[in-house]
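Here are the chains, one letter per residue:
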Amino acid sequence: MPAFVLDDPTPPDPRRRWDSLDFAARGACYDNNAGVPDSAAQVAARNAASAAYRAAHSAGLDIPYAAGARTGFDLYPAAETGAPCLVFVHGGYWQRNARADFACFAEGLNAAGWSVAMPGYTLAPEASLTGIVAEIGAALDWLAEQGAARGIGGPIVLAGWSAGAQLAALHLGHPAVTAVLAISGVYDLAPIRETYLNEKLGLSGDEIGTLSPLRLPVVPKPMTIAYGSRELPALVRDARNLHALRGAAHAPGALLPVPGADHFSILDGFRRPDGLLVRAAQDVLGGAR
């Protein structure tokens, strides 16, 4: 009779042999554009769809929450002011992209009767990661105070993708946030400091300790942690590790692997009212009630 098979079939995390990797190999552990063969085509399609959605829903765009050039909201309110709101924080390793590039991902939740709010933030190196984190906090403060006047007054599910997932996870404790949906995130910053990504970030030791969700006390609000089955192994492991850390503290929230999804295609789960990420937002909010 064959023995039990207990080994994890997931590709091994290359960070386990970090000291043996050169600078290029370390960077490849986090290079999602190179890791997804059609990433350029997916990004172009996303940007085109987002431009079209923004053009068709232009009443609540570019509303400042702070004085910076990028510190504004795009708001897509539901018909009911008290409807739930998904606040979506974009990614790009804290140094690329803009909120306008992700407008199409409001479509499914809007169709399901939710509001969507998309904040921008100052990019590195103009801002430090500490400054970026503070801007997201300021955006949530503004939405709590001003959102109802703009048609957004319901409970907030804070979502983020890639670098935005790290920013969302850090703000689970914000009083305006009911729950978090973290998608395809990086939750330990220590390896990032030893890659090409740090050229603009300039991470300090204090930032690694205070801004890495895997190094912080667990907040006992619901958090769903999603990742694609075709993500880079480092991101898969970060997602699993964060869920395990929270599970050990008996904090609520699901681990949501998305079969067949890569780092970019995973967001298609926001495009339809029955999309996987739309349902995940609904479920994590339901778990908080």
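Residue positions within a chain follow its written sequence, with the count starting from 1. With pLDDT at 70 or above as the cut-off, local features in this predicted model cover only qualifying residues; side-chain atom pairs require 80 or more to be listed or tallied, and sums for whole chains, interfaces and linings still use all residues. Excluded from the side-chain calculations are hydrogens and water; all other atoms, namely the structure's heavy atoms, are used.

(A) Molecular detail of the overall build of the protein. Looking only at helices and strands, the protein has 10 helices and 8 strands in total. Computed over the C-alpha atoms, the radius of gyration of the protein is 18 Å, within 12% of the 19 Å expected from 2.2 N^0.38 for a compact globule of 289 residues. Judged by the C-alpha coordinates and their principal axes, the protein covers about 60 × 50 × 40 Å. The criterion used for residue contact is that any of the two residues' heavy atoms lie within 4.5 Å. Considering only residue pairs separated by 6 or more positions, the protein has 75% of its internal contacts joining residues 24 or more positions apart. Surface exposure of the protein reaches about 12200 Å², of which carbon and sulfur atoms provide 56%. Charged side chains of the protein number 22 positive and 27 negative; the gap between the two group centres comes to 2 Å. Note on conventions: DSSP H or I runs of at least 4 residues are helices, E runs of at least 2 residues are strands, and numbering of each starts at the N terminus. The atom set for the radius of gyration is the C-alpha atoms, and the globule formula is 2.2 Å times the number of residues raised to the power 0.38. Residue exposure ignores everything except the shown protein chains as possible cover, and the areas themselves are Shrake-Rupley values with a 1.4 Å probe. In this tally, Asp and Glu contribute negative charge and Lys and Arg positive charge; neither His nor the terminal groups of the chain are included. By convention, the charge on Lys lies at NZ, on Arg at CZ, on Asp at CG and on Glu at CD.

(B) Highlighting the side chain of threonine 122. In this fold, threonine 122 is placed in the loop between strand 4 (115-119) and helix 5 (129-146). Among residues more than four places away in sequence, those in contact with threonine 122 are Arg70, Thr71, Ala127, Ile132 and Glu135.

(C) Quick look at unusual backbone geometry. Here the residue pair alanine 124 and proline 125 is connected by a cis peptide bond, since its omega of 10° sits within 30 degrees of zero. One can find proline 125 in the loop between strand 4 and helix 5. Its identity as a non-glycine residue notwithstanding, tyrosine 93 has a phi of 55°, on the positive side. Its place among the elements puts tyrosine 93 in the loop between strand 3 (85-89) and helix 4 (107-111).

(D) Focus on the nonpolar core. We call a set of buried Ala, Val, Leu, Ile, Met, Phe, Trp, Tyr and Cys residues a nonpolar core when their side-chain atoms join them within 4.5 Å. The classification of residues rests on relative accessible area computed with a 1.4 Å probe and restricted to protein chains. Under 20% of the type maximum is buried, over 50% is exposed, and intermediate values are partly exposed. In this structure, Tyr30, Trp94, Leu129, Leu143 and Leu167 are the most contacted members of the largest nonpolar core, which totals 56 residues. Setting aside anything within four residues of it in sequence, one finds tyrosine 30 in contact with Arg15, Trp18, Tyr93, Val186, Pro191, Ile192, Thr195, Tyr196, Leu197, Leu232, Ala234 and Leu235. Residues Tyr76, Leu109, Val116 and Ile183 belong to the second largest nonpolar core, which totals 35 residues.

(E) Seen up close, the pairing of strand 8 (residues 255-258). Burial along strand 8 is one-sided: the residues Leu256 and Val258 are buried and none of Leu255 and Pro257 is. A pair of strands is considered paired only if DSSP assigns at least 2 bridges between the two. With 4 bridges joining them, strand 7 (residues 223-228) and strand 8 adopt parallel strand pairing. In the sheet register, alanine 226 faces strand 8, and the bridge partner there is leucine 256. By convention a crossover is right-handed if, when the strands point away from the viewer, the path from the first strand over the helix to the second runs clockwise. Taken together, strand 7, helix 9 (residues 233-248) and strand 8 constitute a β-α-β crossover, and its handedness is right-handed.

(F) Main features of the packing of aromatic side chains. Ring geometry is summarised as follows: Phe, Tyr and Trp rings, the Trp one being its six-membered ring, pair when their centres sit within 6.5 Å, and such pairs are stacked at plane angles under 30 degrees, edge-to-face over 60 and tilted between the two. Throughout the structure, instances matching the rule amount to 9 aromatic pairs. Ring centres of tyrosine 53 and tyrosine 76 lie 5.8 Å apart, and the angle between their planes is 55°; on these two criteria the pair is classed as tilted. Taken together, the residues tyrosine 53 in helix 3 (residues 39-56) and tyrosine 76 in strand 2 (residues 72-76) connect sequence positions 23 residues apart. The class of tyrosine 53 is buried, set by a relative accessible area of 10%.

(G) Geometry of the sheet that holds strand 2. Taken in spatial order, the 8 strands line up as 1-2-4-3-5-6-7-8 in an open sheet, and their pairing is mixed. Two strands close off the open sheet at either side, each with one partner strand: strand 1 (63-64) and strand 8.

(H) Main features of the pattern of salt bridges. We define a salt bridge as a side-chain nitrogen of Lys or Arg found within 4 Å of a carboxyl oxygen belonging to Asp or Glu. For the structure on display, the rule yields 10 salt bridges. Taken together, the salt bridges that share partners define one network made up of Arg54, Asp62, Asp74 and Arg99.

(I) Helix 6 (residues 163-170), seen in detail. For helix 6, the buried fraction is high: 7 of the 8 residues fall into the buried class. Looking at helix 6, one finds that the buried residues are Ala163, Gly164, Ala165, Gln166, Leu167, Ala168 and Ala169. On its buried face, helix 6 is in contact with strand 3, helix 5, strand 5 (156-161), strand 6 (177-183), helix 8 (205-211) and strand 7.

Shape is all these values report; function is a separate question.
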